[in-house]
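Reading the structure
Here's the letter readout for the chains.
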Amino acid sequence: MWKKGSSESSDRFEYLQTLVTEFQDTDSEEAKEQVLANLANFAYDPKNMDYLRQLQVTDLFLDMLTEDNENFVEFGMGGLCNLSMDPECRDIILQGGGIRLVTNCLSSRREETVLSAITTLMNLTTPSSRSEITDAAILQCMLRFSLSESPRLRNLAAVFLQDCCTEEQVAQAEQQMQGQQAAVGIPLPED
Amino acid sequence: CDLSVARLDHKVYKHHEQRKVCISRPKYREGRRAKAVKVYTINLESRHVMVQGVPAIGVMTELIQLCALYGAVEEYRPLDEYPAEEFTEVYLVKFQKLTSARAAKRHMNGTSFYGGVLHVCYVPEYETVEDTRMKLQDRRRYVIRAVQNKEMVIPAHDKPCDRENTETSNVSHYSSFPLLPPPPQEYQYYRHKTQHLAAPTEDRMGTLHSAIIASEQQPVPSSSQTSSDRVRCPEPRLTSNQSAAGRFVPRTTHLESRKRRMEEETEHSLTNVTRKTALLIGPKLPEPPKVDMEDESLNTTVSLIRGTMKKVESVPDLKPVEKKVKPRRRI
């Protein structure tokens, strides 16, 4: 059984490695998308986390966030959402400057990408990263999402605001937002 | 309560669609089933599912009974306002657990039901904030526990069992046998899908999402569930030769016998909520939730053991059911 287990897991590692290699070597955008989606889905299963870390798939996903192809961004963000559940992967993402990259995805036009980004940000929250993740700009973003028409976005933003931030932080961000809106609403002096 | 909050929301979202399957994959990346290029995350999953394509012939009871095979159903209702194809209905079903919803989606989607083809999808937009929070927490806990237990090498075939069991059981060994279908028998609760016979593990596209059904029950701190799983898992070698549930039973027969059995159980036991008059199974089911072990032989074993335990609990229970079924079938 043990022998079998280890050969199977090395098979898995090799398979994942083949995927990563194909991703890097292929010029086909379509193949890249498929492989990326495969890798992101493999990241859903905790038993692949080790391999994906070894293969530096965390960085691969992070790289995708700045691509022009929206599918790349969505799949990469989905992969990070899956991987960041694991504390070790979380730390790698944090070290790779993940917060800023993930935060940029909050302005994506695709809901799935935004949802993945919010969940990832929650996963990335540690005592040391908390201050960066609860930055006023991010909180304002979440406040806007919490008023969204989409129930999924609304709920997820609500969880973020309730679980990752203090009430004072939220209140402060609300004030700032109102301040901005009020400022926008005030007619400019005519002279 | 929960459902009524979302009552006004019957938008057709993109994640309800059955996406176009991808046909350009090279052989080495082909999965077991044709699938679209899509990434699954916890955000897409939910214990709320929507079932489309239910023939509008008054089969809600049967539908909910079918759903209940995969786990306790907490709430359900028709979504009359949701756009449906002609002569079909759409239902919202809220399972108690995400794992049940996952099993139901996986097994029911694309299957035929009273002449219609069911389309089952998650509808996370019906979640409350609390639902969403719990879903994420459960997932995080599950992943953390799984990676902590990872020091031991876990064979790919161990999925049917809790990770904690791996060191003590030989299940992986047994489940890797090529599986032969046991002879057909009437006494059967669970639907089996033939395509699972040859494919007990996840496929090459990493669609693990649905492939780790059994092990993901772990995070739910239901002690009885876990301990009974523990009992069940190592069992196959002892019992599999006796063989158990058959694979093919006409659906109506299957549902009839189920219904009858439930009714009898209501008479026999106190555990049960509803009378015969309350046809629907609804929230509380007489049966333990279906455990989908993602492996045909384990599923068979589970149903066998459950059957045996029922027999032991109440001796007259099993036999009468079988006897009653037969005459009915001839008609």
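It should be noted that the structure appears before, not after, this text.
What you are looking at is a predicted structure, and each value in this text was computed from that prediction instead of being measured. (Residues numbered from 1 in each chain as written. Chains lettered and ligands numbered in written order. Predicted model: local features only at pLDDT ≥ 70, side-chain atom pairs only at ≥ 80, totals over all residues. Heavy atoms only, no water.)

For chain B, the helix and strand inventory stands at 10 helices and 6 strands. Here chain B holds 331 residues, and 57% of them are scored as buried. A separation of at least 24 residues holds for 79% of the contacts in chain B among residues at least 6 apart in sequence. Total accessible area on chain B is roughly 15,000 Å²; 57% of this is exposed by carbon and sulfur atoms. (Helix = DSSP H or I, 4+ residues; strand = E, 2+ residues; numbered from the N terminus. Buried < 20%, exposed > 50% of the residue type's maximum accessible area, 1.4 Å probe, protein only. Contact = heavy atoms within 4.5 Å. Areas by Shrake-Rupley, 256 points an atom, 1.4 Å probe, with all protein chains shown as cover.)

Moving on: the packing of aromatic side chains. Under the definition given, this model contains 3 aromatic pairs over all chains. Here the aromatic rings of Phe13 of chain A and Tyr51 of chain A are separated by 5.8 Å at their centres, their planes lie at 70°, and the arrangement is edge-to-face. Here the residue Phe13 of chain A occupies a position in helix H1 (residues 2-25), and Tyr51 of chain A occupies one in helix H3 (residues 49-54), the gap between them amounting to 38 residues. If you follow Lys32 of chain A out to its NZ or CZ, it ends over the ring of Phe23 of chain A, 4.7 Å from the centre. Lying across the ring of Tyr44 of chain A, Arg139 of chain B places its NZ or CZ 3.7 Å from the centre. (Phe/Tyr/Trp six-rings, centres within 6.5 Å; stacked < 30°, edge-to-face > 60°. Lys NZ or Arg CZ within 6 Å of the ring centre and 35° of its normal.)

Residues and elements named next belong to chain B. Within the secondary structure layout, Arg47 lies in the loop between helix H1 (2-5) and strand E1 (48-55). A relative accessible area of 18% means that Arg47 is categorised as buried. Within the local environment of Arg47, its side chain forms a polar contact with the side chain of Glu74, the two groups lying 3.4 Å apart. Apart from the residues within four sequence positions on either side, Arg47 is in contact with Glu74, Val93, Lys94, Phe95, Gln96, Lys97, Leu98, Ala101 and Asp131. (Polar contact = N/O pair within 3.5 Å; in protein donor to acceptor, adjacent residues only side chain to side chain.)

All names here are of chain A. Taken as a whole, this structure holds 18 salt bridges over all chains when the rule is applied. Glu112 is the salt-bridge partner of Arg152, the closest N and O atoms lying 2.9 Å from each other. Linking Arg152 in helix H11 (residues 151-164) with Glu112 in helix H8 (residues 111-124), this pair joins segments that are 40 residues apart in sequence. The pair formed by Arg152 and Glu112 is uniform in burial state, with each residue classed as buried. (Salt bridge = Lys/Arg side-chain N within 4 Å of Asp/Glu carboxyl O.)

Take H8 of chain A next. Residue pairs three or four apart in sequence face the same way in an α-helix, which turns once every 3.6 residues. In a regular helix each residue adds 1.5 Å, so 14 residues correspond to 20 Å; H8 of chain A covers 20 Å between its end C-alpha atoms and thus fits that length. Most of H8 of chain A sits inside the fold, with 13 of its 14 residues counted as buried. (Expected span 1.5 Å × (residues − 1).)

In this section: the pairing of strand E3 (residues 88-95) of chain B. All names here are of chain B. Of all 8 residues in E3, 6 are buried, a share of seventy percent or more. Bridge analysis of E1 against E3 gives 6 bridges, and the strand direction is antiparallel. Note on E3: the bridge partner recorded for Val54 is Glu89. Pairing of strand E2 (residues 73-78) with E3 involves 5 bridges; the strand directions are antiparallel. By the bridge assignment for E3, Glu75 is matched with Lys94. (Pairing = 2+ DSSP bridges.)

Residues and elements named next belong to chain A. The geometry of helix H4 (residues 57-64) relative to helix H5 (residues 70-83) is characterised by a closest axis approach of 7 Å and an angle of 140° between their N-to-C directions. Between H4 and H5, the angle falls in the class oblique. Along this stretch, H4 crosses H5, giving a crossing that reads as left-handed. Contact residues: H4 offers Thr58, Phe61, Leu62 and Met64, while H5 offers Phe72, Val73, Gly76, Gly79, Leu80 and Leu83. In terms of residue class, the contact of H4 with H5 is built from 7 nonpolar, 3 polar and no charged. (Axes fitted to C-alpha atoms, helices over the stretch in contact; angles between N-to-C directions. Parallel < 35°, antiparallel > 145°, perpendicular 65-115°, else oblique. Left-handed = near helix turned anticlockwise from the far one by under 90°. Nonpolar A, V, L, I, M, F, W, Y, C, P; charged D, E, K, R; others polar.)

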